[in-house]
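Chain and residue survey
Each chain, written out:
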Amino acid sequence: MSTQKTAIVTGAARGIGAAVAKRLADDGLAVAVLDLDADACADTVKAITDAGGKAIAVGADVADEASVNAAVEKVVAELGKPTVVVNNAGITRDNLLFKMTVDDWDAVMAVHLRGAFNVTKAAQKYMVEAEWGRIVNLSSTSALGNRGQVNYSAAKAGMQGFTKTLAIELGRFGVTANAIAPGFIETEMTAATAERVGVPFEDFKRAAASQIPVNRVGVPEDIAHTASFFISEGAGFVSGQVVYVAGGPKD
Ligand SMILES: NC(=O)c1ccc[n+]([C@@H]2O[C@H](COP(=O)([O-])OP(=O)(O)OC[C@H]3O[C@@H](n4cnc5c(N)ncnc54)[C@H](O)[C@@H]3O)[C@@H](O)[C@H]2O)c1
């Protein structure tokens, strides 16, 4: 019987999720590359398989329970029982409170919070059965408050509470749950923010870097490295933690 572990990484078609998926495959896991559109996952899957790893593309909307349950069944059938979940799928719908619509609020809550709930709930039985599991949730420095992101910051603070409760409930089954709270990471998400505020991305990054103690913006691999630590065998006594990966201290 194969001892290869299976991971599900959501929002893994690009950006941070793609880097996490590739890193977990390098670490020896079989990886379900999950995103809204299975075709969009092709590049990530190819990068993994070209490097000798094992991966499949899975199309699902994390906000939709039936879609997630079908996706997890597909992973079980085609890859193996998932014992590692990285809840990374995310969106922004930024606006100042007085201009934010209920749809902007609900969309962000649905992807981050309901999405993480749906995926974790569907996968947890395989972790409990294996008496081993690793859950990693993507929070953000925005959880500490960020102008124009009342929806996103509430969702990302929510991810921290979700993580801590998972750690408490699932610890007895050998399952850890931790959160990564990235600062500024260079992806399409931050490129879209630059566009929204009307600043060229290079200038936007330079301005951000000047405020960051290590004097650079982050890259997806910075987050993948932290995820790799959390899912490692040796991190079994690290649970319910939030690590700010932001090039400097945050609290
Ligand atoms: N980039 C940053 O600076 C930064 C900082 C802090 C936190 N984060 C968080 O990290 C995560 C990844 O961010 P990114 O910058 O790589 O974003 P991104 O926009 O580049 O990628 C997000 C991915 O999630 C997918 N996705 C969106 N909604 C989905 C849904 N309903 N179901 C399945 N997949 C869905 C998208 O299709 C996309 O491929 C997000 O949770 C984000 O909030 C990012």
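The structure contained in this document is the topic of the report that follows. (Residues numbered from 1 in each chain as written. Predicted model: local features only at pLDDT ≥ 70, side-chain atom pairs only at ≥ 80, totals over all residues. Heavy atoms only, no water.)

1. Observations concerning the sheet that holds strand S4 (residues 82–87)
Spatially, S3-S2-S1-S4-S5-S6-S7 is the arrangement adopted by the seven strands of the open sheet, whose pairing is parallel. The open sheet has two edge strands, strand S3 (55–59) and strand S7 (242–245), and neither has a second partner. Strand-to-strand, the axes of this sheet are offset by a mean angle of 20°, without reference to chain direction. Here strand S5 (residues 133–138) runs beside strand S6 (residues 175–182); their pairing, made up of six bridges, is parallel. Note that in S6 the partner of Gly133 across the bridge is Val175. Here helix H3 (residues 65–78) sits on the sheet in contact with strand S1 (6–10), strand S2 (30–35), S3 and S4, set at roughly 160° to S3. Taken strand by strand, helix H5 (residues 150–170) contacts S4, S5, S6 and S7, and its axis lies near 165° from that of S5. (Pairing = 2+ DSSP bridges. Helix = DSSP H or I, 4+ residues; strand = E, 2+ residues; numbered from the N terminus. Axes fitted to C-alpha atoms, helices over the stretch in contact; angles between N-to-C directions. Contact = heavy atoms within 4.5 Å.)

2. Observations concerning the packing of aromatic side chains
Scanning the entire structure with this criterion turns up two aromatic pairs. Aromatic pair Phe184 and Phe204: ring centres 5.6 Å apart, planes at 55°, arrangement tilted. In this pair, Phe184 is assigned in the loop between S6 and helix H6 (188–197) and Phe204 in helix H7 (residues 201–210), connecting sequence segments 20 residues apart. Taken as a pair, Phe184 and Phe204 share a single burial class, namely buried. (Phe/Tyr/Trp six-rings, centres within 6.5 Å; stacked < 30°, edge-to-face > 60°. Buried < 20%, exposed > 50% of the residue type's maximum accessible area, 1.4 Å probe, protein only.)

3. Notes on the site of the ligand
Not every one of the 29 residues close to the ligand is listed here, only the nearest: Arg14, Asp35, Asn88, Tyr152 and Thr187. In the model, an oxygen atom of the ligand is placed 2.8 Å from a nitrogen or oxygen of the Asn88 main chain. For the ligand, whose unbound accessible area comes to 830 Å², protein coverage reaches 94%. Considering each element in turn, the shell around the ligand owes the most residues, three residues, to H6. Grouping the constituent residues of the shell around the ligand by class yields 14 nonpolar, ten polar and five charged. (Near = heavy atom within 4 Å. Polar contact = N/O pair within 3.5 Å; in protein donor to acceptor, adjacent residues only side chain to side chain. Areas by Shrake-Rupley, 256 points an atom, 1.4 Å probe, with all protein chains shown as cover. Nonpolar A, V, L, I, M, F, W, Y, C, P; charged D, E, K, R; others polar.)

4. Description of the side chain of Thr163
Mapped onto the elements of the fold, Thr163 is located in helix H5. Among the polar contacts listed, one links the side chain of Thr163 to the side chain of Asn137, at a separation of 2.9 Å. At 2.6 Å, the side chain of Thr163 forms a polar contact with the backbone oxygen of Met159. Apart from residues no more than four positions distant in its own chain, Thr163 is found in contact with Asn137, Ala177, Asn178, Ala179 and Gln241.

5. A look at helix H2 (residues 42–50)
Buried within H2 we find Thr44, Val45 and Ile48. Along the axis of H2, the buried residues cluster in a sector spanning 95°; they form a single face. Exposed residues on H2 whose side chains face more than 90 degrees from its buried face are Asp43 and Asp50. Packed against the buried residues of H2 are helix H1 (15–26), S2 and S3. Of the residues trailing H2, Gly52 is marked for its positive phi of about 95°. (Arc of directions from axis to C-beta.)

6. As for the packing of H3 against helix H4 (residues 102–130)
As a packed pair, H3 and H4 sit with axes 9 Å apart at the nearest point and diverge in direction by 35°. Note on packing geometry: the crossing formed by H3 with H4 is right-handed. Along its contact with H3, which presents Glu65, Val68, Asn69, Val72 and Val76, the element H4 presents Asn118, Val119, Ala122 and Tyr126. Residue classes in the contact of H3 with H4 are distributed as six nonpolar, two polar and one charged. (Left-handed = near helix turned anticlockwise from the far one by under 90°.)

7. Some words on the side chain of Asn118
Positionally, Asn118 belongs in helix H4. Assessed through its relative accessible area of 5%, Asn118 is described here as buried. Not counting residues within four places of it along the chain, the set of residues in contact with Asn118 comprises Val62, Ala63, Asp64, Glu65 and Val68.

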